[in-house]
Each structure stands twice: as C-alpha cells, then as structure tokens.
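Here is what each chain is made of, one letter per residue.
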Amino acid sequence: MCNLYSLTKGQAAIVAMARAMRDTTGNLPPIPGIFPDYTAPIVRNAADGVRELALVRWGMPSSQRAIFDAAKKRAGKLEAKGKTVDFDELLRMEPDSGTTNVRNTASAHWKRWLGVESRCVVPLTSFSEFDHGAKQDVWFALSPDRPLAFFAGIWTPQWTGVRKIKTGMETTDLFAFLTTEPNREVGAIHPKAMPVILTKPEEIETWMTAPWEQAKTLQRPLPDGVLVEVARGVKKDEAATA
C-alpha cells in the first residue's frame, strides 16, 4: 500500500499533461517525499467546472464503521481506567487520520465520490512500497529519469472533522488515490496492491471526464516490465532532484 511518493517535475509539466486550466498552487517546489495527511498537488475537477491544479490534504474520510470501532476501543480503555465516558461526544471527536488508498470501489462508502465531479489525478515521479523482509522503502518509477505520471484519484471538498486530537475540529479538502492488484515489479515487494497509475494524456482524459462504467476500467495494474526500481532504503527520493 503506497503511503509515500515523490514529485520532482515542475508545475508547467503537470498543467500541460493534465490539461489544467487554472493553477492555485503558487510556486510549487520539488517534493522528494510526500507523506499521508500532508498537502500535495492534485489536478481536480473544481466546483465551478474548471480543471485546476491545487494543493489538497492526503487522506479521504474513513468509513463510519472504522470511526465507530476506533471510538468504541478508546472508550473501553478509558472505562478500564475508571473514567466516565460520554460516548456520543467521544465519537464526535474521534480522530480520523484519513484513508490514503482506495481499493474497493464497490463499497457504499466510496461510491459517492466516483462521479466526474469528485475525480482527480495526482502527479508523481516515483512512489515507494515498504519491503517488510528487508525493512526498507523501495522506490519505483517509469524509468531511471523519473518521468511524470499520475495516480487516478478522488477528492472531496470542505470535510469537517478531527484529524488529530491536538488540533481539534478542522475543515479541509481531502484526496486519495485508487489501488489495484500489483504487477510483477511491485508484487515482488508488496504482493497485495499497487497504485493505479495513468501514463498517457488520453488515460487522464478518460479518468477526468468519462462515466464511471468507462473510467473504472483504468483501475488496473501497469503491465509487467513498465516500472523500474530507482532507489532503496530512503524516505525521500532525493536522487530525483539531482
């Protein structure tokens, strides 16, 4: 499950390949390590119908069941310490750190965000999967020179909730990207999943404009042999900025 990626191509290349009509990111520097719950650039179908490059926080809302189970577990720990628990308030303030990867698009939780208005593409130049055997990150890209590609993603505006207890209630835009079964290269490191990656402008157009019955065919692994390993054992793909 990809929870770390890199973007080192400039915003002009992103705007051109994704055909964005508006850029709200300002001066976008190279980002050799993008981590969950931080802001990152996405190209989205904005509310006014304009395709725009924007900075959005990584991690879509988790399911109500996941939040309920987490609150119930926390309540149990508090009660075990002899504390009185207002469960409704505990549930309201239960932190949701976000869901970064979306696999089961048949789930009722995700169906609400599969329409064109909620789709986005997430630019990247490399991504990391964790090798549990070697206990290190392994970075993949389309080639050693790390050309621009995009994750197929979804986003939602103005989510209100608690991400961290210390910051309390917040309102923010959120995104995540889809995963699928892995190809040969990723499967050797992470046998369960890989991100859905778009490499061609026509794939981006399909994802951003087509009905779901057509767009969902893009939730598939890249062909074997398309990805190469470009780094290992680092938390940021620093070589990509050289």
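Residues numbered from 1 in each chain as written. Predicted model: local features only at pLDDT ≥ 70, side-chain atom pairs only at ≥ 80, totals over all residues. Heavy atoms only, no water.

Student: Can you help me understand the overall build of the chain in this one?
Tutor: Across its full length, the chain holds seven helices and 14 strands. For 242 residues, the compact-globule estimate of 2.2 N^0.38 gives 18 Å, and the chain sits close to it at 19 Å. With the C-alpha coordinates aligned to their principal axes, the bounding extent of the chain is approximately 60 × 45 × 35 Å. Sequence separation of at least 24 residues holds for 71% of the intrachain contacts in the chain that already meet a minimum separation of 6. (Helix = DSSP H or I, 4+ residues; strand = E, 2+ residues; numbered from the N terminus. Rg over C-alpha atoms; globule rule 2.2 N^0.38 Å. Contact = heavy atoms within 4.5 Å.)

Student: I would appreciate a short explanation of the sheet that holds strand β1 (residues 5–7) in the present structure.
Tutor: Strand order in this open sheet of five strands is β3-β1-β8-β9-β14, and the pairing throughout is antiparallel. Here the strands that pair on one side only, and so sit at the sheet edges, are β3 (31–34) and β14 (228–232). Ignoring strand direction, the axes of neighbouring strands in this sheet form an average angle of 30°. Note that strand β9 (residues 136–141) and β14 share four bridges and pair antiparallel. Counted as the bridge partner of valine 138 is arginine 232 from β14. (Pairing = 2+ DSSP bridges. Axes fitted to C-alpha atoms, helices over the stretch in contact; angles between N-to-C directions.)

Student: What is the right way to read a positive patch on the surface from this model?
Tutor: The grouping of Lys73, Lys77, Lys81 and Lys83 at the surface amounts to a positive patch. You can see lysine 81 is positioned in the loop between α2 (64–80) and α3 (87–92). Residue class for lysine 81 comes out exposed when judged on its relative accessible area of 63%. (Patch = residues over 30% accessible without salt bridge, like charges linked within 9 Å, V, L, I, M, F, W, Y side chains within 5 Å. Areas by Shrake-Rupley, 256 points an atom, 1.4 Å probe, with all protein chains shown as cover. Salt bridge = Lys/Arg side-chain N within 4 Å of Asp/Glu carboxyl O. Lys, Arg positive; Asp, Glu negative; His and termini not counted. Charge placed at Lys NZ, Arg CZ, Asp CG, Glu CD. Buried < 20%, exposed > 50% of the residue type's maximum accessible area, 1.4 Å probe, protein only.)

Student: I tried to follow the pattern of salt bridges on my own but got confused; where do I start?
Tutor: All chains considered together, the criterion is met by 19 salt bridges. Aspartate 37 is paired through a salt bridge with arginine 57; the nearest N and O atoms lie 2.9 Å apart. Separated by 20 residues along the polypeptide, aspartate 37 in the loop between β3 and β4 (39–45) and arginine 57 in strand β5 (residues 51–58) bring together distant segments of the chain. Each of the two residues, aspartate 37 as well as arginine 57, counts as buried. Across the pair arginine 220 and glutamate 203 runs a salt bridge, and its minimum N-O distance is 3.0 Å. Of this pair, arginine 220 sits in the loop between α7 (212–215) and β14 while glutamate 203 is found in helix α6 (residues 201–209), placing the two residues 17 residues apart along the sequence.

Student: Hey, could you run me through empty space enclosed by the protein in this one?
Tutor: Which parts of space are left empty comes out when a probe the size of a water molecule is rolled across the atoms. Applying the stated rule across the entire model yields one cavity of 30 Å³ or more. The space that makes up the largest cavity amounts to roughly 40 Å³. The wall of the largest cavity is formed by Leu124, Thr125, Ser126, Phe127, Phe140, Ala141, Leu142, Pro147, Ala149, Ile197 and Leu227. For the lining of the largest cavity, the secondary-structure elements that each account for two or more residues are β8 (126–131) and β9. Classifying every residue of the lining of the largest cavity by side-chain character gives nine nonpolar, two polar and no charged. (1 Å grid on protein atoms, 1.4 Å probe; cavity = no way out; pocket = protein on both sides within 12 Å on 5 of 7 lines; lining within 4 Å. Points joined across faces, edges and corners; volume = space filled by probe spheres on them. Nonpolar A, V, L, I, M, F, W, Y, C, P; charged D, E, K, R; others polar.)

Student: Explain the layout of surface pockets to me, please; I cannot follow it from the model alone.
Tutor: For the largest pocket, the calculated volume is near 360 Å³. Lining the largest pocket are 17 residues, with Gln64, Ile67, Asp96, Trp159 and Thr160 positioned closest to its centre. Looking at the lining of the largest pocket, the elements with two or more residues in it are α2, α3 and β10 (149–162). Considering only residue class, the lining of the largest pocket consists of eight nonpolar, five polar and four charged.

Student: In this structure, what is going on with the environment of glutamate 205? I would like to understand it.
Tutor: Here glutamate 205 shows up in helix α6. Measuring from C-alpha to C-alpha, the distance between glutamate 205 and phenylalanine 140 comes to 24 Å, with 65 residues separating the pair along the chain. For glutamate 205, the residues in contact, after removing those within four places along its chain, are Ala18, Arg19, Arg51 and Ala210.

Student: Would you explain the environment of arginine 92 in this entry?
Tutor: Examined against the element boundaries, arginine 92 turns out to sit in helix α3. With 25 residues separating them in the primary sequence, arginine 92 and isoleucine 67 have C-alpha atoms 9.3 Å apart.

Student: Where do I start with the side chain of aspartate 131 in this structure?
Tutor: Looking at the element boundaries, aspartate 131 is found in strand β8. Every residue in contact with aspartate 131, bar those within four places of it in the chain, is listed here: Gln136, Val138, Ile189 and Arg232.

Student: Help me understand the state of the cysteines in this model?
Tutor: Linking two cysteines covalently through their sulfur atoms gives a disulfide. According to the stated counting rule, one finds zero disulfides in the structure shown. The cysteine cysteine 120 is free of any disulfide, with cysteine 2 supplying the nearest cysteine sulfur at 14 Å. (Disulfide = S-S within 2.5 Å.)

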